[in-house]
Amino acid sequence: LRLSPDEVIFNNLIGGCVHEANTGLAKRLYHNMVEGGIKPSTATFSILIRLYASCKMMDEAVELLTTEPAAQGVEAAPRLYLQLIQCCLRDRQGRRAIEVYNMMPTSPTALMHGQLLGTCGKLNMLETGAELLGLAAARRGHVALADAEQLRDIALRKKKTLCADMITEAMGRLRLASA
């Protein structure tokens, strides 16, 4: 049998590095993959983002998403940006989450916005959620009324009136009518 490694094998090996938090080995495997002429996929980048996030290496995760997909001729899927933004939020890095949001080449879908706003609400990152909502309005993005209202309601319950006002203002710019 003449077998040669393919993208799936490399992805599985790199995925094993996530469980061991072994970024050095993952980088070597990724380098070997690319040098061997095996094109990484969105799945490859997703695994690497997960590894960097679990090792608190957000700079490397952002650098990866900024450079590698284009360098390898792979379109960075919107879900990679969403994944990295979620990792930033879970790591309480609201500024970094906003940076990554601004890197997105297209506006996220209403579902993606809902996931981000929901995470901001759950983690009490209301200012970040309000800023994301404002950025969605500036991009003429799509946000479900229920998601925006939920974030505003959390801000009001927590007596964060300035934040609630920012959310309400962004809702107006998004033309979201509240009952």
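Each value, and the rule that gives it
- Residues numbered from 1 in each chain as written.
- Predicted model: local features only at pLDDT ≥ 70, side-chain atom pairs only at ≥ 80, totals over all residues.
- Heavy atoms only, no water.
- Helix = DSSP H or I, 4+ residues; strand = E, 2+ residues; numbered from the N terminus.
- Buried < 20%, exposed > 50% of the residue type's maximum accessible area, 1.4 Å probe, protein only.
- Core = buried A, V, L, I, M, F, W, Y, C linked by side-chain atoms within 4.5 Å.
- Contact = heavy atoms within 4.5 Å.
- Polar contact = N/O pair within 3.5 Å; in protein donor to acceptor, adjacent residues only side chain to side chain.

> Can you help me understand unusual backbone geometry in this one?
Phi is mostly negative for residues that are not glycine, and the peptide bonds are mostly trans. One non-glycine residue, Asn124, adopts positive backbone phi at about 60 degrees. Locating Asn124 in the fold gives a position in the loop between helix H7 (110-122) and helix H8 (126-138). Assessed through its relative accessible area of 37%, Asn124 is described here as partly exposed. Backbone geometry places Lys159, a non-glycine residue, at a positive phi of 60 degrees. By the secondary structure assignment, Lys159 is in the loop between helix H9 (145-157) and helix H10 (161-173).

> Just checking my understanding: could you explain the nonpolar core for this structure?
Soluble globular proteins tend to bury their nonpolar side chains together. Grouped together as the largest cluster of nonpolar side chains are 60 residues, with contacts concentrated most on Leu84, Ile85, Leu133 and Val143. It is helix H5 (residues 78-90) that contributes the most residues to this core, 8 residues altogether. Residue contacts for Leu84: discarding those within four places in its chain leaves Ile49, Met58, Ala61, Val62, Leu65 and Val100.

> Looking at this structure, how should I read the environment of Ser54?
With respect to the secondary-structure elements, Ser54 resides in helix H3 (residues 42-54). Exposure remark for Ser54: the relative accessible area of 45% places this residue in the partly exposed category. Counting along the chain gives 35 residues from Ser54 to His19, while the straight-line C-alpha distance between them is 9.3 Å. Among the polar contacts listed, one links the side chain of Ser54 to the backbone oxygen of Leu51, at a separation of 2.9 Å.

> Whenever I open this one, the environment of His113 confuses me. Can you help?
Mapping His113 onto the fold places it in helix H7. Looking at His113, the relative accessible area reads 3%, which means it is buried. Filtering out sequence-adjacent residues up to four positions away, His113 remains in contact with Tyr101, Ser107, Pro108, Ala136, His142 and Val143.

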